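Residue strings, one per chain:
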Amino acid sequence: MRALDPSENEVAMDWGLANRMARMFSPGSQNSVMLAVDHGYFMGPTRRLENPRATIAPLLPHADALALTRGILRTCVPPSTRTPIVLRVSGGVTVLQEDLSDEDITVSIEDAVRLNVSAVALSVFVGSPHEHSSLVHLSELVDQGEGAGMPVLAITAVGKELEKRDARYLALACRVSAELGAHMVKTYYCDDFEKVVEGCPVPIVVAGGPRLDSDQAALELAHNAIALGAKGIDMGRNIWQSDYPVAMLKALRSIVHEQATVGEAMDILNEEKARPPRATVA
Ligand code: R5P
């Protein structure tokens, strides 16, 4: 099996659901650059996301989709935005707890529709104490999503599950999510990533994880993931914790949409760094 182009899946989807999927993936490359700013829902005011409005504003025009919670959407994103929204709808636990897997569904499908979002996202905690409930939540959300024409993104290997970031575990988590009906899966890059892609029949987007040693390392991660079949990225900290977040996003776009090499993406990054800084929007 291989990850299908999102458009290839349209035959199996209701028009509304297919339309929402198509909003998030470029008609040219069929890939997506999603910007993740949902970390506060369990991490609180994370470094360089203390003021979400200020972090989001300069990045929003360069993202194919914005992943966040409804509280930050309603308070920090202008309703005039054309950027598709991926709404996190799971939560209920914070970093103060030992077990991060005890999540519930925190947003109704009616509110997701009312917010006019393009997808809903929840964490699945395969191999954790709350594996069962998170997988049941996924299945229930898929039922609701199919009814409302709303794609569901399953987020695998989050929190403490990050320690298990190998191909065997991630392939299992992604495949289980797809089997239960997720329309897209977010996971992490790993050695033998092609095995994760091969076993997952829905599009995979990769998260970046905690800030890497350099911007180049994050570009390499994205490049390797796309080369091995990911349909995009859903990245946060390696963009907005960079000293040059807009430049990073533009460099990542070149990789995801134009098959740029890491060297070419670094050139874009360095050109953008050399530009005079623009005033930030508070
Ligand atoms: C984490 O819980 C969220 O799902 C993030 O959206 C995800 O981890 C991507 O962000 P980052 O690239 O910072 O890992």
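As shown above, the structure is provided for reference.
Quick notes on the rules
Residues numbered from 1 in each chain as written. Predicted model: local features only at pLDDT ≥ 70, side-chain atom pairs only at ≥ 80, totals over all residues. Core = buried A, V, L, I, M, F, W, Y, C linked by C-beta atoms within 7 Å. Buried ≥ 20, exposed ≤ 12 C-beta atoms within 10 Å, placed from the backbone. Helix = DSSP H or I, 4+ residues; strand = E, 2+ residues; numbered from the N terminus. Contact = placed C-beta atoms within 7 Å. Near = placed C-beta within 6 Å. Axes fitted to C-alpha atoms, helices over the stretch in contact; angles between N-to-C directions. Parallel < 35°, antiparallel > 145°, perpendicular 65-115°, else oblique. Left-handed = near helix turned anticlockwise from the far one by under 90°. Nonpolar A, V, L, I, M, F, W, Y, C, P; charged D, E, K, R; others polar. Pairing = 2+ DSSP bridges. Right-handed = clockwise from strand over helix to strand, strands pointing away.

> Give me the nonpolar core: which residues, what numbers.
Of all hydrophobic cores here, the largest spans 85 residues; its most connected members are Val86, Val120 and Leu252. At seven residues, helix 11 (residues 245-258) tops the list of elements feeding residues into this core. In contact with Leu252, other than residues within four places in its own chain, are Val33, Leu219, Ala222, Ile233 and Met235.

> For the site of the ligand, give the residues involved together with the corresponding values.
Around the ligand, the structure places 14 residues, and the nearest of them are Ala36, Ala207, Gly208, Gly236 and Arg237. Looking at the shell around the ligand, the elements that each hand over two or more residues are strand 10 (232-235) and helix 10 (237-240).

> Give me the packing of helix 11 against helix 12 (residues 262-274): which residues, what numbers.
Running from N to C, helix 11 and helix 12 cross one another at 155 degrees; their axes reach a closest spacing of 8 Å. Of the possible angle classes, the one that applies to helix 11 and helix 12 is roughly antiparallel. Of the two possible hands of crossing, helix 11 and helix 12 adopt the one that is right-handed. Residues Val246, Ala247, Met248, Lys250, Ala251, Ser254 and Ile255 of helix 11 form the contact with helix 12, whose participating residues are Glu264, Ala265, Ile268, Leu269, Glu272 and Lys273. Here the residues of the contact of helix 11 with helix 12 sort into eight nonpolar, one polar and four charged.

> I'd like a description of the pairing of strand 7 (residues 152-156), backed by residues and values.
The buried fraction of strand 7 amounts to five of the five residues, a majority that puts the element mostly inside the structure. Both faces of strand 7 are covered, namely the face carrying Val152, Ala154 and Thr156 and the face carrying Leu153 and Ile155. In the sheet, strand 6 (residues 119-124) pairs with strand 7 via five bridges, with the strands oriented parallel. Note on strand 7: the bridge partner recorded for Leu122 is Ala154. As a crossover connection, the stretch from strand 6 through helix 6 (residues 131-148) into strand 7 is right-handed. Pairing analysis gives three bridges linking strand 7 to strand 8 (residues 184-188), with the strands arranged parallel. Of the residues in strand 8, the one forming a bridge with Leu153 is Met184.

> For the packing of helix 9 (residues 215-227) against helix 11, give the residues involved together with the corresponding values.
Helix 11 packs onto helix 9 with a crossing angle of 25 degrees between their chain directions and a minimal axis gap of 9 Å. Relative to helix 11, helix 9 is oriented roughly parallel. When you trace helix 9 past helix 11, the crossing you get is right-handed. For the pair helix 9 and helix 11, the contacting residues are Asp215, Leu219, Ala222, His223 and Ile226 in the first and Met248, Ala251, Leu252, Ile255 and Val256 in the second. Along the lines of polarity and charge, the residues of the contact of helix 9 with helix 11 split into eight nonpolar, one polar and one charged.

> For the environment of Asp234, give the residues involved together with the corresponding values.
Tracing the backbone shows Asp234 in strand 10. The class for Asp234 is buried, based on 27 C-beta atoms found within 10 Å. Once the C-alpha coordinates of Asp234 and Gly208 are considered, the two residues, 26 residues apart in sequence, prove to be 7.4 Å apart. Residues within four places of Asp234 in sequence aside, it is in contact with Met34, Ala36, Ala67, Lys186, Val205 and Ala207.

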